[in-house]
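Structural overview
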Amino acid sequence: VKTVIVAAGNLKRADPDCDEEELMLRGLIDVNLPKFLSHDLPLFKGIMGDLFPGKTKPQVNYGSLDASIRYITAKKGLQPVPWFIDKVIQLY
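Here is a short report on the structure shown in this document. (Residues numbered from 1 in each chain as written. Predicted model: local features only at pLDDT ≥ 70, side-chain atom pairs only at ≥ 80, totals over all residues. Heavy atoms only, no water.)

**Overview of the overall build of the chain**
Along the backbone of the chain there are five helices and zero strands. Written out in order from the N terminus, the α and β elements of the chain read α-α-α-α-α. A sequence separation of at least 24 residues applies to 47% of the contacts in the chain between residues at least 6 apart. Per element, the accessible surface of the chain, about 6800 Å² overall, is 60% carbon and sulfur. (Helix = DSSP H or I, 4+ residues; strand = E, 2+ residues; numbered from the N terminus. Contact = heavy atoms within 4.5 Å. Areas by Shrake-Rupley, 256 points an atom, 1.4 Å probe, with all protein chains shown as cover.)

As structure tokens, then:
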């Protein structure tokens, strides 16, 4: 619980005008999603939908981080497929 609160607090400091429910949703997703296996994701997304009806996680522009991940991935001879990029960002 403390990790989610800290993550939401950091998001609030970065964007003080953002809706607090969206900040909590993003905090919960950002902290917990990397820990789940693929077969657990539908259940987690269903729970988040029940806790925050009508709310969706806002799209975040990672800008230079995304560009750097794609560059290093290509440099290492790997394919920059979307699920790989998402997992790297989740672990970041």
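**Notes on the pattern of salt bridges**
Evaluated as defined, the whole model comprises four salt bridges. With a shortest N-O distance of 3.7 Å, Lys-12 and Glu-20 are connected by a salt bridge. Accessibility expressed as a relative area gives 28% for Lys-12, which makes it partly exposed. Here Lys-55 ties to Asp-19 by a salt bridge, and the two come within 2.6 Å at their closest N and O atoms. Highlighted residues: Lys-55 in the loop between α3 (41–51) and α4 (64–75) and Asp-19 in the loop between α1 (2–14) and α2 (20–32), separated in sequence by 36 residues. For Lys-55, a relative accessible area of 27% puts it in the partly exposed group. (Salt bridge = Lys/Arg side-chain N within 4 Å of Asp/Glu carboxyl O. Buried < 20%, exposed > 50% of the residue type's maximum accessible area, 1.4 Å probe, protein only.)

**Focus on a nonpolar patch on the surface**
A cluster of nonpolar side chains, contributed by Leu-43, Ile-47 and Leu-51, occupies part of the molecular surface with about 310 Å² of accessible area. As for its placement among the helices and strands, Leu-51 is situated in helix α3. (Patch = residues over 30% accessible without salt bridge, like charges linked within 9 Å, V, L, I, M, F, W, Y side chains within 5 Å.)

**With respect to the nonpolar core**
If you look at the biggest cluster of nonpolar residues, it comprises 10 residues: Val-4, Ala-7, Leu-25, Leu-28, Ile-29, Val-31, Leu-33, Phe-44, Met-48 and Phe-52. Every element with two or more residues in this core is listed here: α1, α2 and α3. The greatest single-element share of this core, amounting to four residues, is contributed by α2. If sequence neighbours within four positions are ignored, Val-4 has contacts with Met-24, Gly-27, Leu-28, Val-31 and Asn-32. (Core = buried A, V, L, I, M, F, W, Y, C linked by side-chain atoms within 4.5 Å.)

**Some thoughts on the packing of aromatic side chains**
All chains considered together, the criterion is met by two aromatic pairs. Centre to centre, the rings of Phe-36 and Phe-44 are 4.8 Å apart; their planes meet at 40°, and the pair counts as tilted. Under the relative-accessibility criterion, Phe-36 is labelled partly exposed at 31%. In this structure Phe-44 comes out as buried when scored by relative accessible area, which is 8%. Both rings, one in Trp-83 and one in Phe-84, keep their centres 6.3 Å apart while their planes meet at 90°; by these two values the pair is edge-to-face. Among the residues examined, Phe-84 registers a relative accessible area of 27% and is labelled partly exposed. (Phe/Tyr/Trp six-rings, centres within 6.5 Å; stacked < 30°, edge-to-face > 60°.)

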